[in-house]
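If you want the building blocks of each chain, they are given just below.
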Amino acid sequence: DTEVTQTPKHLVMGMTNKKSLKCEQHMGHRAMYWYKQKAKKPPELMFVYSYEKLSINESVPSRFSPECPNSSLLNLHLHALQPEDSALYLCASSQQVTGGLGERTYEQYFGPGTRLTVT
Amino acid sequence: TQLLEQSPQFLSIQEGENLTVYCNSSSVFSSLQWYRQEPGEGPVLLVTVVTGGEVKKLKRLTFQFGDARKDSSLHITAAQPGDTGLYLCAPLGSWGKLQFGAGTQVVVTP
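Predicted model, so just to flag it, every value in this text is computed and none were measured. (Residues numbered from 1 in each chain as written. Chains lettered and ligands numbered in written order. Predicted model: local features only at pLDDT ≥ 70, side-chain atom pairs only at ≥ 80, totals over all residues. Heavy atoms only, no water.)

Honestly, the overall build of chain A in this entry has me stumped. Any pointers?
If you tally the helices and strands in chain A, you get 0 helices and 11 strands. Counting helices and strands in the order they occur from the N terminus, chain A gives β-β-β-β-β-β-β-β-β-β-β. Since a compact globule built from 119 residues should have a radius of gyration of about 14 Å, the 15 Å found for chain A is in line with a globular shape. Principal-axis analysis of the C-alpha atoms places the extent of chain A at approximately 50 × 30 × 30 Å. Put simply, chain A has 119 residues, and 48% of those count as buried. Here the contacts in chain A between residues at least 6 apart in sequence split such that 55% fall between residues at least 24 apart. Accessible surface, chain A: about 6000 Å² in total, of which carbon and sulfur atoms supply 49%. Placing the 13 positive and 11 negative side-chain charges of chain A at their respective mean positions leaves the two points 7 Å apart. (Helix = DSSP H or I, 4+ residues; strand = E, 2+ residues; numbered from the N terminus. Rg over C-alpha atoms; globule rule 2.2 N^0.38 Å. Buried < 20%, exposed > 50% of the residue type's maximum accessible area, 1.4 Å probe, protein only. Contact = heavy atoms within 4.5 Å. Areas by Shrake-Rupley, 256 points an atom, 1.4 Å probe, with all protein chains shown as cover. Lys, Arg positive; Asp, Glu negative; His and termini not counted. Charge placed at Lys NZ, Arg CZ, Asp CG, Glu CD.)

Would you mind showing me how to read the environment of Gly66 of chain B here?
Residue and element names in this part refer to chain B. If you trace the backbone, Gly66 turns up in the loop between strand 7 (61–65) and strand 8 (71–76). Gly66 sits 11 residues away from Val55 along the chain, and the two C-alpha atoms are 9.1 Å apart. With near-sequence residues (within four places) excluded, Gly66 lies in contact with Gly52, Gly53 and Asp71.

Would you mind going over the sheet that holds strand 5 (residues 44–49) of chain B with me for this structure?
Strands belonging to one sheet form pairs held by backbone hydrogen bonds; the direction of such a pair is parallel or antiparallel. Residue and element names in this part refer to chain B. With mixed pairing, 5 strands are arranged side by side in an open sheet as 2-10-9-4-5. Of all strands in the sheet, those bounded by a partner on one side alone are strand 2 (10–14) and strand 5. For this sheet, the mean angle separating the axes of adjacent strands, direction not counted, is 20°. Pairing between strand 4 (residues 32–37) and strand 9 (residues 85–91): 6 bridges, direction antiparallel. Following the sheet pairing, Arg36 is matched in strand 9 by Tyr87. (Pairing = 2+ DSSP bridges. Axes fitted to C-alpha atoms, helices over the stretch in contact; angles between N-to-C directions.)

Help me understand the nonpolar core, please; the structure alone is not making it clear to me.
One recurring pattern in soluble globular proteins: nonpolar side chains tend to sit buried together. One finds Trp34, Phe64, Leu76 and Leu78 of chain A to be the most contacted residues of the largest nonpolar core, which totals 23 residues. Counting residues per element, the ones that place at least two in this core are strand 2 (10–13), strand 3 (18–25), strand 4 (31–37), strand 5 (44–50), strand 7 (64–70), strand 8 (73–79), strand 9 (87–98) and strand 11 (114–118) of chain A. Formed by 22 residues, the second largest nonpolar core is a distinct cluster that contains Leu19, Cys89, Val106 and Val108 of chain B. (Core = buried A, V, L, I, M, F, W, Y, C linked by side-chain atoms within 4.5 Å.)

Looking at this structure, I do not really get the confidence of the model for chain A. What am I missing?
The predicted coordinates of low-pLDDT regions are not to be read in fine detail. Confidence along chain A averages 93 in pLDDT terms, with 96% of residues attaining 70 or more. The secondary structure element of chain A with the lowest average pLDDT is strand 10 (residues 104–110) of chain A, at 87, and the one with the highest is strand 3 of chain A, at 98. (pLDDT = per-residue confidence, 0-100.)

Help me understand the state of the cysteines, please; the structure alone is not making it clear to me.
Among covalent bonds in proteins, the disulfide is the one between the sulfur atoms of two cysteines. Tallied over the entire structure, the rule returns 2 disulfides over all chains. The residue that forms a disulfide with Cys23 of chain A is Cys91 of chain A, at a sulfur-sulfur distance of 1.8 Å. Because the torsion about its S-S bond is -70°, the bridge between Cys23 of chain A and Cys91 of chain A counts as left-handed. Placement of the pair is Cys23 of chain A in strand 3 and Cys91 of chain A in strand 9, with a sequence separation of 68 residues. By relative accessible area, Cys23 of chain A is classed as buried at 1%. Here Cys23 of chain B pairs with Cys89 of chain B through a disulfide, and the sulfurs are 2.1 Å apart. Every disulfide takes its handedness from the sign of the S-S torsion; for Cys23 of chain B and Cys89 of chain B that torsion is 80°, giving right-handed. (Disulfide = S-S within 2.5 Å.)

See below:
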């Protein structure tokens, strides 16, 4: 099973709402990621969790709050968002692999994303 | 932060033609990955290149890593409509951190 699932697929929320995005993987990966992707742009990294601990926060506004309750789940809690936060939110997980030359790299598997619209 | 440039931004070709996409930086990459993203889906990893001068093939896709590890290219031979997508390159950082280039949108028409 090489699948990363994300729910919901679409979400429309008002600027005063509180909502959460969910991501799940059962590949045993210990690193998980949140990305934001605007239309016609590449994904931009938001957060990295490694072994359920936050390793990287790319200066994301506090209205986005990540949570990693266990090694299979990653949540993104949303509160008081702005219309410009409307985007595709992608979750990914990765495992460290060793290549033929002994090099260690990561292979990331992405979910299909949640299309978020803030009204 | 490494400044990463991808070119061209957009490429539209007919089925059966060849195409090349480029990824360049003024910095040295320790390793670099190529992804393809189709509409409504997340990116899918195509390849990881690590060694300068390395060439990797994935069916009709050929990936090259520059000798100085500052540039990479993706060449598709005899493109098919199924090759349509956004092609993204990204150097691999700590914790698997990816900083994607702007991407090249490829459209292959039958």
